[in-house]
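The primary structure of each chain is shown beneath.
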Amino acid sequence: DGREIFKIQLAALPAGMEEVLTPMLLYNSARTTKTFIHPPSPSDKDQDDGGYFTIKAMITESGTSGALGATGGQKSYFWGRVTENKTGPNIISIDIKAGLAPTQSW
């Protein structure tokens, strides 16, 4: 169906700063697709955030720790697809309705 699995990682933050909004790293297993999911600006927090808070909640609630354990942040795997755009950067779409993809070894 054209979907592939993407890893999305939350940055590890010092104690007491867990609510700070930071970009999340997104990439595929070959690392041919890499980008950041940026938090909404402070003035846009009450509007549609493009999925940032939903993805962050899915990772916090069901994700696993990174290679450095609890100090290395959290990650989860998601289904998504890349749409090629001939006039600009490609578009990465993450399917948040499908739930998490199976855990990967990469």
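Just above, that's the structure.
Overview of the structure. All residue numbers here refer to positions counted from 1 along the written sequence of the relevant chain. Reporting of local features is limited, given that this is a predicted model, to residues whose pLDDT is at least 70; pairs of side-chain atoms are given and counted only at 80 or more, and all residues count toward the totals for whole chains, interfaces and linings. In computing side-chain properties, one takes all heavy atoms of the structure into account and sets aside hydrogens as well as water.

## Details of the overall build of the protein chain
Scanning the protein chain for helices and strands turns up one helix and six strands. Its helices and strands in sequence order give the protein chain the pattern β-β-β-α-β-β-β, from N to C terminus. Here the term buried applies to any residue with accessible area under 20% of the maximum for its type, exposed to any over 50%, and partly exposed to those in between, with areas from a 1.4 Å probe on protein chains only. A burial count over the protein chain gives 26% of its 106 residues as buried. When checking whether two residues touch, look at their non-hydrogen atoms; a contact exists if any pair is within 4.5 Å. A separation threshold of at least 6 residues defines the contact pool for the protein chain, and within that pool the share at least 24 residues apart is 50%. In this description a helix means any DSSP run of H or I spanning at least four residues, a strand means any run of E spanning at least two, and both kinds are numbered starting from the N terminus.

## A word on the pairing of strand β3 (residues 34-37)
A pair of strands is considered paired only if DSSP assigns at least 2 bridges between the two. Bridge count between strand β2 (residues 24-28) and β3: four bridges; the pairing is antiparallel. Counted as the bridge partner of Met24 is Ile37 from β3.

## What about the nonpolar core?
In terms of nonpolar packing, the biggest core is built from eleven residues, these being Phe6, Ile8, Leu10, Met24, Leu26, Ile37, Tyr52, Ile55, Met58, Ile59 and Phe78. Listing elements by their share of this core, those giving two or more residues are β1 (4-10), β2 and α1 (52-62). In terms of residue count, the dominant contributor to this core is α1 (four residues). To define a nonpolar core, start from buried Ala, Val, Leu, Ile, Met, Phe, Trp, Tyr and Cys residues and group those joined through side-chain atoms within 4.5 Å.

## Section: the packing of aromatic side chains
Classification of ring pairs rests on two measures: the distance between centres of Phe, Tyr or Trp rings, Trp counted by its six-membered ring, which must be within 6.5 Å, and the angle between planes, read as stacked under 30 degrees, edge-to-face over 60 and tilted in between. Evaluation of the coordinates by the stated rule reveals three aromatic pairs. Centroid distance Tyr52 to Phe53: 5.4 Å. Interplanar angle 90 degrees. Geometry classified as edge-to-face. On the basis of relative accessibility, which here comes to 1%, the residue Tyr52 falls in the buried class. Ring geometry for Tyr77 versus Trp106: centroids 5.4 Å apart, planes at 80 degrees, classification edge-to-face. You can see Tyr77 sitting in strand β5 (residues 69-83) and its partner Trp106 sitting in the segment after β6 (91-94), a full 29 residues away along the chain. What makes Trp106 partly exposed here is its relative accessible area of 26%. One aromatic cluster is present, formed by Tyr27, Tyr77 and Trp106 through successive ring pairs. The ring of Trp79 is capped by Arg3, whose NZ or CZ atom sits 4.4 Å from the centre of that ring. Whether a charge sits over a ring depends on NZ of Lys or CZ of Arg being within 6 Å of the ring centre and within 35 degrees of the ring normal.

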